Amino acid sequence: MLLLGVTYVLFSQNFAGQYRVLIQGTYLRPPAATSSTVPAPRPDQLFVLNKEGDVLTGTDAERVIKAQREEVRQAAIESLLTQGSIALVVVGALAAGLGWLVAGRVLTPLHRVTDTARRIAAAPAAGHGLHERIALRGPDDEVKDLADAFDTMVERLDHSFDGQRRFVANASHELRTPLTVGRALVEVAMHRRTASADVKELGESLLTINARHEQLIDGLLILADSEKQLTTVYPVNLGDIVNHVAGQRSAEAAAADVELMHGPGEAPTRGDALLLERLVHNLVENGIRHNLPAQAESGERWVRVVSKTVGDHVELVVTNTGPDIPPYEVESLFKPFYRLGAERLVAGKGSGLGLSIVRSVAEAHGGTVVATPRPTGGLEIRVTLPVHALTSSLL
């Protein structure tokens, strides 16, 4: 629009001057009289010829010249605006198309960087997906420098996460041997005929502490395994796992005077059966151990485990009675070694890895875990995993 406006102003100014020159330069010689009634004009007199061929002078000539000039001016302006607009649209479309092609070609490497970063960020667990690289080829410009710097950063992060996982796994394996040896020595000392009552009592305490350490190391090993990329997955029915785990933990629930209820519905998915069994085991064990005291006034102490299929995913819902948990503390329960209140003591229940293992296993299987405090105390923990249709033989 600015281009057309400037062109219009310049054209108007230039057109008026050129038209005056044209008029003055065309009619310098007066023609002969065209009739007996119209005299021939003087050489220095302004004149025009009308359509009938009559010579007009004076105000009549000026009026005709002004009208003709306005007609020519309007025709030229209309032509300029019409053709200029068409040219502007054509050139604008060509410029936009060329700009889109050039910008798309320039921004393609940036799209690759963005897509790779999103895939890494959307990995099911921390550290997964860091094996991806952009590996951009092309001239050594700013975009390639950015892609190379991103690849270097991701490679270092990959090595760091991999080294951390290896360290946890190796350290856990190395610690299991001395714990096993220590437990054996304590048991031998306790079962000697000459062992006094104090020695036996001390041995029981040492075995309890040793068992807690073994449980901690087992939890670290499972946590390290669950954070690895799953390489082999098989069809699994969470309903079968719920039945199996409920049968295993029923004795513990009865000893703790907690009612264990389970509703194993069909919940077909894919994954590592051992890790998924550990997930259900930890949730049930957590519901039994972190329940109301036996002398609670309400008298209701229960754990409910339900598996079901909901649309395009399967759900495992574990609900239990228990103490009131502030909503702002719920997310912290999934952090390793985190315990509430007095359970932070060494003699507390569990190792503080149960729910962190649950979340890690769920994320490794492409799922999520959400915990919600119950209004009357306790938690409702909902695990969501992708659904996978099982064949009749597997069911």
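The structure presented is a predicted model; accordingly, all values stated were derived computationally and were not measured.

Asker: How would you explain the overall build of the chain if you had to name every residue and give the values?
Answerer: When its secondary structure is counted, the chain shows eight helices and nine strands. Counting every position in the chain, which comprises 395 residues, the buried fraction comes to 33%. Relative to all contacts within the chain whose residues are 6 or more apart in sequence, the contacts with residues 24 or more apart total 64%. Counting every atom, the chain has about 24,300 Å² of accessible surface; 59% of that belongs to carbon and sulfur.

Asker: Any chance you could break down the packing of helix H6 (residues 273-289) against helix H8 (residues 354-364) for me, citing the residues and the numbers?
Answerer: Remark: H6 packs on H8, axes separated minimally by 9 Å, with the N-to-C direction vectors making an angle of 145°. With respect to the hand of their crossing, H6 and H8 are arranged in left-handed fashion. Here Leu275, Leu276, Arg278, Leu279, Asn282, Leu283 and Asn286 of H6 come into contact with H8, specifically with Gly354, Leu355, Ile357, Val358, Val361 and Ala362. Among the residues forming the contact of H6 with H8, the class breakdown is nine nonpolar, three polar and one charged.

Asker: Kindly report on H6, identifying the contributing residues and their values.
Answerer: When the terminal C-alpha atoms of H6 are compared, their 24 Å separation across 17 residues agrees well with the 24 Å that a helix rising 1.5 Å per residue should span. Among the 17 residues in H6, twelve count as buried, and that is most of the element. Those residues of H6 lying buried are Leu275, Leu276, Leu279, Val280, His281, Asn282, Leu283, Val284, Glu285, Asn286, Gly287 and Ile288. You can read the cap of H6 off the contacts: a side-chain oxygen lies 3.0 Å from the backbone nitrogen of Leu274, and it is on Asp272.

Asker: Describe the confidence of the model for the chain, with residues and values.
Answerer: In the predicted model, the chain carries a mean pLDDT of 77, and 75% of its residues have values of at least 70. Model confidence for the chain, summarised as mean pLDDT per element, is weakest for helix H1 (residues 2-26) at 58 and strongest for strand E7 (residues 313-320) at 94. Of the regions scoring below 50 in pLDDT, residues 20-37 engages in 21 contacts with residues more than four places distant in sequence or in other chains. Across residues 391-395, where pLDDT falls below 50, the model places four contacts with residues more than four positions away in sequence or in other chains.

Asker: Before we move on, can you summarise H8 with the specific residues and values?
Answerer: Buried residues dominate H8, accounting for nine of its eleven residues. Here H8 has its buried residues at Leu355, Ser356, Ile357, Val358, Arg359, Ser360, Val361, Ala362 and Ala364.

Asker: Tell me about the nonpolar core, and please be specific about residues and values.
Answerer: Membership of the largest hydrophobic core comes to 38 residues, with the highest contact counts inside it found for Leu279, Val280, Leu283, Val305, Leu316 and Val383. If you list the elements that add at least two residues to this core, you get helix H5 (238-255), H6, strand E6 (302-310), E7, H8, strand E8 (368-373) and strand E9 (379-386). With seven residues, H6 is the largest single contributor of residues to this core. Setting aside anything within four residues of it in sequence, one finds Val280 in contact with Ile241, Val242, Val245 and Leu316. Core analysis: the second largest hydrophobic core is formed by nine residues, Val113, Ile134, Val143 and Ala147 among them.

Asker: Tell me about the sheet that holds E8, residues and numbers included.
Answerer: With mixed pairing, five strands are arranged side by side in an open sheet as E4-E6-E7-E9-E8. The open sheet terminates on both sides in strands that have one partner only, identified here as strand E4 (259-264) and E8. Geometrically, the sheet is characterised by an average inter-axis angle of 15° between neighbouring strands, direction not taken into account. Bridge count between E7 and E9: seven bridges; the pairing is antiparallel. Bridging from a neighbouring strand, His313 pairs with Pro386 of E9. Across the face of the sheet, H5 comes into contact with E4, E6, E7 and E9 while running at roughly 170° to E4.

Conventions adopted
Residues numbered from 1 in each chain as written. Predicted model: local features only at pLDDT ≥ 70, side-chain atom pairs only at ≥ 80, totals over all residues. Heavy atoms only, no water. Helix = DSSP H or I, 4+ residues; strand = E, 2+ residues; numbered from the N terminus. Buried < 20%, exposed > 50% of the residue type's maximum accessible area, 1.4 Å probe, protein only. Contact = heavy atoms within 4.5 Å. Areas by Shrake-Rupley, 256 points an atom, 1.4 Å probe, with all protein chains shown as cover. Axes fitted to C-alpha atoms, helices over the stretch in contact; angles between N-to-C directions. Left-handed = near helix turned anticlockwise from the far one by under 90°. Nonpolar A, V, L, I, M, F, W, Y, C, P; charged D, E, K, R; others polar. Expected span 1.5 Å × (residues − 1). Polar contact = N/O pair within 3.5 Å; in protein donor to acceptor, adjacent residues only side chain to side chain. pLDDT = per-residue confidence, 0-100. Core = buried A, V, L, I, M, F, W, Y, C linked by side-chain atoms within 4.5 Å. Pairing = 2+ DSSP bridges.

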